[in-house]
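Structural overview
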Amino acid sequence: MSREWTVNAALALALLAAAIAAEAAGQVFYITLATRIAILGLAATGLNLALGLGGLVSFGHAVFFGIGGYAAGILGSHAFSGDPMIFGLEGSNSMPLIWLVAALAAAVAGVVIGVISIRTSGVYFIMITLAFAQMLYYFAISWPAYGGEDGLSIFVRNAFPGMNTMKPLSFFLISFGALMAGIAILAVLRGSRFGSALDVVRQNEVRAAAVGINPFPVKLTAFVLSAMITAVAGALYADLNRFVSPSMMSWHMSGELIVLIILGGTGRLFGPMAGAALFVLIEHNLGELTERWQFFLGLILLVTVLFARGGVLGFLAGKVRHG
């Protein structure tokens, strides 16, 4: 077993053990922190598919995170109230169904955004994805039927078959399982022919085209799959907080996801999870000391970019090794 896989396994087991230990000690707050790490790690894993493997620096991925959140909020609220949705459709409090709806809605949005934005590159791609995200952000603010700027409450956490989602450890295990599934999907894609094609396109689109690989559909597929994974994380995040608001779609959220990847290690399977753990721990520990904890986060990010471009995983596991 390679050094990186050993580190990956240690990180996963550490997060799982931390939640179980917090449950044994009756510390619900720390279970919530572990759950937040798992969910943010899943959201960043989705972005890592586009950014880390495909080189697509999307500054609008929060829109898919928000789409997932609103899928959970809207379906859950209608299931709670019994009121029909548009076209007489009924709501649902089933997490698997909500995740499916969130992923499909994000896929549609990903296709629309991707078809336009992927035709550009560099700063133009960044600005177009940001523009789309801001459009939907302001749409959510002006959507009074579902809370508008005030957001939408989820009065009862949505259900998962065979588990009591109101129990903190149970919900953590669901979120942790989703994170592991997202990482497994990323691993399969990275090791597949599609992953090889995406890697070639990321390195040099001209050479990829010369050997018969059309860059556009490869990049679009990566972008849409990335959006779907991030949307599932958004649905979980809304259930964690039992609340969804337009802030889930803001550019701050998009920047936060990119920060998680940089801190953990761009392109690494467990990089987003490591970055999420570091981010949440910094926010919790420094946030107790000062309201300006973001200043210290900025310093850590600066040091990472300048001296440790492999992030936490690069420091712990060394250079990237595929296979």
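Structure: above.
This is a predicted model, so every value here is computed, not measured. (Residues numbered from 1 in each chain as written. Predicted model: local features only at pLDDT ≥ 70, side-chain atom pairs only at ≥ 80, totals over all residues. Heavy atoms only, no water.)

1. Considerations on the overall build of the chain
- In terms of helices and strands, the chain carries 13 helices and two strands.
- Against the 2.2 N^0.38 benchmark of 20 Å for 323 residues, the chain shows a C-alpha radius of gyration of 19 Å, consistent with a compact globule.
- Based on the C-alpha atoms only, the size of the chain along its principal axes is roughly 55 × 50 × 40 Å.
- Burial statistics for the chain: of 323 residues in total, 50% are counted as buried.
- A sequence separation of at least 24 residues applies to 80% of the contacts in the chain between residues at least 6 apart. (Helix = DSSP H or I, 4+ residues; strand = E, 2+ residues; numbered from the N terminus. Rg over C-alpha atoms; globule rule 2.2 N^0.38 Å. Buried < 20%, exposed > 50% of the residue type's maximum accessible area, 1.4 Å probe, protein only. Contact = heavy atoms within 4.5 Å.)

2. Things to note about the packing of helix α2 (residues 28-53) against helix α11 (residues 271-287)
- One way to put it is that α2 packs onto α11 with a least axis distance of 8 Å and a crossing angle of 135°. If you check the angle between α2 and α11, you find them oblique. Note on packing geometry: the crossing formed by α2 with α11 is right-handed. Here Phe 29, Tyr 30, Leu 33, Arg 36, Ile 37, Leu 40, Gly 41, Ala 44, Thr 45 and Asn 48 of α2 come into contact with α11, specifically with Pro 272, Met 273, Ala 276, Ala 277, Phe 279, Val 280, Glu 283 and His 284. (Axes fitted to C-alpha atoms, helices over the stretch in contact; angles between N-to-C directions. Parallel < 35°, antiparallel > 145°, perpendicular 65-115°, else oblique. Left-handed = near helix turned anticlockwise from the far one by under 90°.)

3. Focus: the pattern of salt bridges
- Taken as a whole and judged by the stated rule, the model has four salt bridges.
- For the salt bridge of Glu 205 with Lys 219, the shortest nitrogen-to-oxygen distance reads 2.7 Å. On the criterion of sequence distance, the pair formed by Glu 205 in helix α8 (residues 205-210) and Lys 219 in helix α9 (residues 215-241) is long-range, its members being 14 residues apart.
- Taking the relative accessible area as the measure of exposure, Lys 219 reaches 6% and is therefore buried. (Salt bridge = Lys/Arg side-chain N within 4 Å of Asp/Glu carboxyl O.)

4. Re the packing of aromatic side chains
- Under the counting rule described, the total for this entry stands at 13 aromatic pairs.
- Considering the side-chain rings of Tyr 137 and Tyr 138, the 5.0 Å spacing of their centres and the 70° angle between planes classify their relative orientation as edge-to-face.
- Ring geometry for Phe 279 against Trp 293: centres 5.8 Å apart, planes inclined by 75°, an arrangement best described as edge-to-face. With a gap of 14 residues between them, Phe 279 in helix α11 and Trp 293 in helix α12 (residues 293-307) connect regions that are remote in the sequence. (Phe/Tyr/Trp six-rings, centres within 6.5 Å; stacked < 30°, edge-to-face > 60°.)

5. Re the layout of surface pockets
- When its volume is computed, the largest pocket comes out at roughly 590 Å³.
- Around the largest pocket sit 21 residues that line it, and Ile 67, Tyr 70, Ile 74, Ala 105 and Trp 143 are the ones nearest its centre.
- The volume enclosed by the second largest pocket comes to roughly 320 Å³.
- For the second largest pocket, the lining is made up of 16 residues, of which Leu 15, Ala 18, Ile 37, Ala 277 and Leu 281 are closest to its centre. (1 Å grid on protein atoms, 1.4 Å probe; cavity = no way out; pocket = protein on both sides within 12 Å on 5 of 7 lines; lining within 4 Å. Points joined across faces, edges and corners; volume = space filled by probe spheres on them.)

6. What to know about a nonpolar patch on the surface
- A surface patch of nonpolar side chains, about 740 Å² in accessible area, is lined by Phe 295, Phe 296, Leu 299, Leu 302, Val 303, Leu 306 and Phe 307.
- In this structure, Leu 299 sits in helix α12. (Patch = residues over 30% accessible without salt bridge, like charges linked within 9 Å, V, L, I, M, F, W, Y side chains within 5 Å. Areas by Shrake-Rupley, 256 points an atom, 1.4 Å probe, with all protein chains shown as cover.)

7. So, unusual backbone geometry
- With a phi angle near 50°, Arg 242 is a residue other than glycine that sits in the positive phi range.
- For Arg 242, the position within the fold is in the loop between α9 and β2 (243-244).

8. Considerations on the side chain of Arg 36
- With respect to the helices and strands, the residue Arg 36 is situated in helix α2.
- Its relative accessible area of 15% is what places Arg 36 among the buried residues.
- With residues up to four places along the chain from it excluded, the contact list for Arg 36 reads Tyr 237, Leu 240, Glu 256, Phe 279, Val 280 and Glu 283.

9. Observations concerning the packing of α11 against α12
- It is at 9 Å that the axes of α11 and α12 come closest, and there the two elements cross at 140°. Taken together, α11 and α12 sit at an angle that is classed as oblique. Between α11 and α12 the crossing geometry is right-handed. Counting all contacts with α11, which are made through Phe 279, Ile 282, Glu 283, Leu 286 and Gly 287, the residues of α12 involved are Trp 293, Phe 296, Leu 297 and Ile 300.
- Tallied by class, the residues present in the contact of α11 with α12 amount to seven nonpolar, one polar and one charged. (Nonpolar A, V, L, I, M, F, W, Y, C, P; charged D, E, K, R; others polar.)

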